[in-house]
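Results of the structural survey
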Amino acid sequence: MKTIKDNKRRDFIKVLGLGAIATATTAIAGGRGGGQGGGRSKQVTELTEHQLDELFHIFQEEKVARDVYITLGRQYPEEKTFAKIQLSEQEHMLAAQVLCERYGIDTSDVDISLTDDAIGQFELHEMQVLYNTCIELGSVSHFEAVKVGELVEITDIKDIEIASEGMPADVLRTYDNLKAGSYEHLDAYRNAMARLS
Amino acid sequence: MQTINTQTKEILTKSLLSYYETLSEGDLKKLASLMTKESYLTLLNALGFKRSFKDKTFQQTIEKSGEDSASLEIVEAVLSSDLAKKEERHEIALVSFEAKGSQRVTVHYSEDGHSKKIYFSAASGTWKIDYNAGRKVA
C-alpha cells in the first residue's frame with residue numbers, strides 16, 4: 001500500500017515549484033501532436049500499451065475531481081476553495097490531455113466541455129458512481145463538502161503514484177506536477193476543514 | 001474498418017446486462033468474473049468511496065484489497081450487502097458497438113436515457129469489461 005508522506009510532498013513542491021499551467025505549456029512545447037509519427041520531440045519515448053491505457057484513464061479521471069468541485073462550489077458559494085481548485089483541476093485535465101495527444105492517444109470522444117449538461121455527466125459507469133457519491137456526501141453540509149475534497153485529493157495522489165510506476169521521464173514530469181498540485185489542494189481543503197471546525 | 005460479428009455482439013450485450021444485474025443484486029463474485037481484475041478493483045474503490053469517507057478502517061482495508069485476499073473478502077462482503085440493500089435498477093438500452101482494434105470493443109448504450117459507454121477487451125478468447133480499454137489500438 002502506498003502512503004503519503006509529508007517530506008515527499010514538500011520535496012515535490014520545493015523541487016518543482018510549478019503549477020499545472022506550466023505543466024501544460026511544457027508539454028505543448030515538448031511536442032504536442034507528435035505522437036502519430038514524425039514530429040515527436042526527443043523527450044517522447046515509447047510507452048507500452050498498458051502505459052498508454054493508463055494515461056488515457058488518468059485523463060478521463062481528472063474530469064471527476066473538476067466536476068465535483070464545480071458542483072459543490074455551486075452548493076456552497078461561500079467556500080472559495082472550490083472555485084480556486086476547480087480552475088486548477090481544469091488545467092490538470094488539459095495537461096493530461098496534452099500528454100495523451102503527445103503519445104498519439106485520440107481524446108476527441110471524451111466530452112470535457114463546461115456546459116451545464118456536461119458537468120456531472122460521465123459516460124463511464126465507475127466515474128459516474130464516484131461523482132454521484134461525492135455529491136451525495138458533500139451535500140450533507142459545508143464541512144462534509146470540504147472533507148470530500150480532501151478524500152478526492154488523497155485518492156488522486158494515490159492513483160497518480162500507481163500510474164507513475166515505470167513511466168518515462170517526460171510523463172513523470174507531468175504526473176509529478178499533477179501530484180504537487182494535488183498536495184496543494186489537499187492543504188487548502190485541510191485548512192478549510194480547520195477553519196470550519 | 002473492423003467489423004464485430006453477431007456472436008461477439010451477443011456476448012458483449014449479455015455481459016453488459018449482467019454487469020448491471022450483478023450490481024443491483026450485490027453479486028460481486030459474478031461481477032468479478034465479468035471484468036478484468038484491475039477494473040474490478042477500480043469499481044470496488046468507487047463503490048466503497050462512501051464507506052471509506054466515513055470509516056478509516058474500511059478505507060485502509062480497501063486500500064489493501066488489491067494485494068491481500070482477506071481484505072478483498074471483507075470489502076466484497078460489506079459492499080455486496082450495501083448493493084443488495086440499495087437494489088438500484090436502471091433502464092439499459094443498447095445503442096451501438098464500436099471496434100477499437102481486433103481485441104477491443106466499446107459498447108455505446110443508454111442508462112435511464114443518459115448516454116453511456118463501456119469498454120471490453122478480449123484475452124485468450126474471453127471478452128471482459130476493461131475500464132482501461134477505451135483507447136483505440138491497431
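First, a word on scope: everything that follows refers to the structure included in this document. The shown structure was predicted, so the numbers you read here are calculated from the model rather than taken from an experiment.

Some thoughts on unusual backbone geometry
Residues and elements named next belong to chain B. A positive phi angle, near 50°, is found at Asp-112, a position not held by glycine. With respect to the helices and strands, Asp-112 occurs in the loop between β2 (104-111) and β3 (114-123). In this structure Asp-112 comes out as partly exposed when scored by relative accessible area, which is 40%.

Describing the packing of aromatic side chains
Tallying each qualifying case throughout the model produces 7 aromatic pairs over all chains. Summarising the aromatic geometry, the rings of B:Tyr20 and B:Tyr109 are spaced 5.9 Å apart at their centres and angled 75° between planes, so their arrangement reads as edge-to-face. With B:Tyr20 in helix α1 (residues 6-25) and B:Tyr109 in strand β2, this pair connects stretches of sequence that are 89 residues apart. Accessibility expressed as a relative area gives 9% for B:Tyr20, which makes it buried. Of the aromatic side chains, those joined through ring pairs into one cluster are A:Tyr69, A:Phe82 and A:Tyr189. The ring of A:Phe122 has A:Lys63 sitting right over it, with the charged end atom 4.3 Å from the ring centre.

Points about the interface of chain A and chain B
Counting residues at the interface gives 31 residues for chain A and 33 residues for chain B. Roughly 2900 Å² is buried in total at the junction of chain A and chain B, and carbon and sulfur atoms are behind 58% of that figure. Counting across the interface, chain A meets chain B through 7 salt bridges. Where B:Arg104 meets A:Asp53, a salt bridge forms, and the shortest distance between an N and an O atom there is 2.4 Å. Elements represented by at least two residues in the side of chain A that touches chain B include exactly α3 (49-75), α5 (125-138) and α6 (142-164) of chain A. For the side of chain A that touches chain B, the residue count by class is 13 nonpolar, 8 polar and 10 charged.

Rules of the game
- Residues numbered from 1 in each chain as written.
- Chains lettered and ligands numbered in written order.
- Predicted model: local features only at pLDDT ≥ 70, side-chain atom pairs only at ≥ 80, totals over all residues.
- Heavy atoms only, no water.
- Helix = DSSP H or I, 4+ residues; strand = E, 2+ residues; numbered from the N terminus.
- Buried < 20%, exposed > 50% of the residue type's maximum accessible area, 1.4 Å probe, protein only.
- Phe/Tyr/Trp six-rings, centres within 6.5 Å; stacked < 30°, edge-to-face > 60°.
- Lys NZ or Arg CZ within 6 Å of the ring centre and 35° of its normal.
- Contact = heavy atoms within 4.5 Å.
- Buried area = accessible area lost by both parts, 1.4 Å probe.
- Salt bridge = Lys/Arg side-chain N within 4 Å of Asp/Glu carboxyl O.
- Nonpolar A, V, L, I, M, F, W, Y, C, P; charged D, E, K, R; others polar.

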